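As a plain string of letters, each chain reads:
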Amino acid sequence: DCKTQIKNFDRFLKSLNYFLNKEGDTILKVKRRNSYFHARFSAKMRVYNYIIINRIGGLVLEKNRGWHIMKELDLDMMKKGVKKLVGTKDFSTFRASSCRAKSPVKTIKSAHIKAKKNKIEIEFRSQSFLQQQVRYMVGCLKYLGEKKWSLKKFDNVMKSKKRTLCAPPAPPEGLYLKRVIY
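Keep in mind it's a predicted model, so treat the numbers as computed, not measured.

Enquirer: Outline the packing of aromatic side chains, listing residues and values.
Expert: Enumeration according to the criterion identifies six aromatic pairs in this entry. Summarising the aromatic geometry, the rings of Phe37 and Tyr182 are spaced 5.0 Å apart at their centres and angled 65° between planes, so their arrangement reads as edge-to-face. Here Tyr182 lies in the segment after strand S6 (175–181) and Phe37 lies in the loop between helix H1 (9–20) and strand S1 (45–54), a separation of 145 residues in the sequence. When its relative accessible area of 31% is taken as the criterion, Phe37 is described as partly exposed. When the ring of Phe91 is compared with that of Phe94, the centres are 6.1 Å apart and the planes differ by 45°; the resulting orientation is tilted. Above the face of the Phe37 ring, Arg33 is positioned so that its terminal group lies 5.7 Å from the ring centre.

So, in structure tokens, the structure goes:
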């Protein structure tokens, strides 16, 4: 909200970035919206990526930019598991205890995994997510990839709606809000 009219968007953008850059943030584009617009509730789609670095050697350049997992993961098993997350479902299993969402029912529009060398990227698209939902889902996919769980166990845990049966959540370092579509 602005009390005065912004006449020069480029100048406004440069001014914002001057202060935000100190925090490591930047704004790429500014658009005018009506007074009914809400950054959180007006979103039509959110795209989250989770990065896993799957190799024996530790992280140097990628430090704090992904989840380092030394044990080789079964990518095919993880891909089968991620397909089971797509659709409208009760995601209570993947909900943080402090989550205040009115309903645990969410619709995952798409979820897929791609890998290049030792970098695994998992993408989730949905209008909204529960608190820590993506991190809990990735934690369960890791259990599949490590062969700690079978697909049947993964399915049963998901359908149980019990957070206590869920795998531990993936660490926050690998989670990225890639895009919000309005």
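Enquirer: Let's hear about the nonpolar core: which residues, and what values?
Expert: If you look at the biggest cluster of nonpolar residues, it comprises 34 residues, and the most contacted ones within it are Ile52, Leu85, Phe94, Ile122, Phe124, Val138 and Leu141. The element contributing the most residues to this core is helix H3 (residues 133–145), with eight residues. Those residues in contact with Leu141 that lie beyond four places of it in its chain are Met78, Gly81, Val82, Leu85, Ile122, Phe124 and Phe154.

Enquirer: Could you give an account of a positive patch on the surface, with specific residues and numbers?
Expert: On the surface, a cluster of positive charge is made up of Lys29, Lys31, Arg33 and Lys44. Tracing the backbone through its elements, the reader meets Lys29 in the loop between H1 and S1.

Enquirer: Explain the pairing of strand S4 (residues 105–116) residue by residue, including any values.
Expert: Pairing analysis gives four bridges linking strand S3 (residues 87–90) to S4, with the strands arranged antiparallel. Note that in S4 the partner of Thr88 across the bridge is Thr107. Bridging between S4 and strand S5 (residues 119–126) involves eight bridges; their strand directions are antiparallel. Note on S5: the bridge partner recorded for His112 is Glu123. A loop of two residues connects S4 with S5, the two strands running antiparallel in sequence, and Lys117 in this loop sits at a positive phi of about 55°.

The rules behind the values
- Residues numbered from 1 in each chain as written.
- Predicted model: local features only at pLDDT ≥ 70, side-chain atom pairs only at ≥ 80, totals over all residues.
- Heavy atoms only, no water.
- Phe/Tyr/Trp six-rings, centres within 6.5 Å; stacked < 30°, edge-to-face > 60°.
- Helix = DSSP H or I, 4+ residues; strand = E, 2+ residues; numbered from the N terminus.
- Buried < 20%, exposed > 50% of the residue type's maximum accessible area, 1.4 Å probe, protein only.
- Lys NZ or Arg CZ within 6 Å of the ring centre and 35° of its normal.
- Core = buried A, V, L, I, M, F, W, Y, C linked by side-chain atoms within 4.5 Å.
- Contact = heavy atoms within 4.5 Å.
- Patch = residues over 30% accessible without salt bridge, like charges linked within 9 Å, V, L, I, M, F, W, Y side chains within 5 Å.
- Areas by Shrake-Rupley, 256 points an atom, 1.4 Å probe, with all protein chains shown as cover.
- Salt bridge = Lys/Arg side-chain N within 4 Å of Asp/Glu carboxyl O.
- Lys, Arg positive; Asp, Glu negative; His and termini not counted.
- Charge placed at Lys NZ, Arg CZ, Asp CG, Glu CD.
- Pairing = 2+ DSSP bridges.

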